Amino acid sequence: MSETAITYTVYVQADPARVWQALTEPAFTRRYWGLDFETDWGVGSTMDWVERGTRTSDPEQVVLKCVPNRLLSYTWHTFTPQWAASAGIAEELRAELARERRTKVTYEIEPVGDTLARLTILHEDFEPGGTLIGMCARAWPMLASSLKTLLETGAPLPEQGRAGEQGSGGYESYASEA
């Protein structure tokens, strides 16, 4: 991790096509992340984030690169009051996040032999010393581990702080630490 970027790599016992599904198909993202992406995954297409019944839309929330089974990049989401209310994020923290510049996430998927895929997550362009990088640095390992566990066992990790529920969530699992 640097002042402006997080890199996280995980090895998954699945082929790249299956990892791609887990990153792009709502049936998967809903289970380990608790949200859906609504987009056609075309470069330049907008992405709506749908989480706990709240839709977050913004014309700058877009797909940057898309090479199926290999590479996916998009701008990180918009911190709206509606999103914060649904995620249990205090308005003060939401406003702080909204003041920071928009970040970018890139996933690189590489085959490793016949039975593994290496998933590298690069989340970059953070505000140096900002709040978002700390929150995301705590969230990405849990999200990537839950994706891996879902693909390898059929069930994601339980959500922290919500025993028995599926999905690792996002910021709400870490908001009290920020």
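Note: the structure precedes this text.
All figures in this text were calculated on a predicted structure; none of them were measured in a lab.

Draft legend 1. Representation of the packing of aromatic side chains in the model. Using the criterion set out here, one finds 15 aromatic pairs in the structure. On the basis of an interplanar angle of 75° and a centroid distance of 5.9 Å, the ring pair of Phe37 and Trp41 is categorised as edge-to-face. Residue class for Trp41 comes out buried when judged on its relative accessible area of 13%. An angle of 50° between the planes, with centres 5.8 Å apart, marks the rings of Tyr74 and Tyr107 as tilted. Here Tyr74 is found in strand β6 (residues 71-75), whereas its partner Tyr107 is found in strand β7 (residues 104-112), with 33 residues between them in sequence. Judged by relative accessible area, which is 2%, Tyr107 ranks as buried. Taken together, Tyr32, Trp33, Phe37, Trp41, Trp49, Tyr74, Trp76, Tyr107 and Trp140 form an aromatic cluster joined through their ring pairs.

Draft legend 2. Summary view of the environment of Ala117. Within the secondary structure layout, Ala117 lies in strand β8 (residues 116-124). Spatially, the C-alpha atom of Ala117 lies 5.7 Å from that of Tyr11, the residues being 106 residues apart in sequence. In contact with Ala117, other than residues within four places in its own chain, are Val10, Tyr11, Val12, Ala14, Asp15, Pro16, Val19, Ile109, Glu110, Pro111 and Val112.

Draft legend 3. Looking closely at the nonpolar core. If you look at the biggest cluster of nonpolar residues, it comprises 44 residues, and the most contacted ones within it are Val19, Trp33, Tyr74, Trp76, Tyr107, Leu119 and Trp140. Looking at this core element by element, the count peaks at 10 residues for helix α5 (residues 131-153). If we ignore the near neighbours within four places in the chain, the residues touching Leu119 are Tyr8, Thr9, Val10, Val19, Leu23, Tyr107, Glu108, Ile109 and Leu147.

The rules behind these values
Residues numbered from 1 in each chain as written. Predicted model: local features only at pLDDT ≥ 70, side-chain atom pairs only at ≥ 80, totals over all residues. Heavy atoms only, no water. Phe/Tyr/Trp six-rings, centres within 6.5 Å; stacked < 30°, edge-to-face > 60°. Buried < 20%, exposed > 50% of the residue type's maximum accessible area, 1.4 Å probe, protein only. Helix = DSSP H or I, 4+ residues; strand = E, 2+ residues; numbered from the N terminus. Contact = heavy atoms within 4.5 Å. Core = buried A, V, L, I, M, F, W, Y, C linked by side-chain atoms within 4.5 Å.

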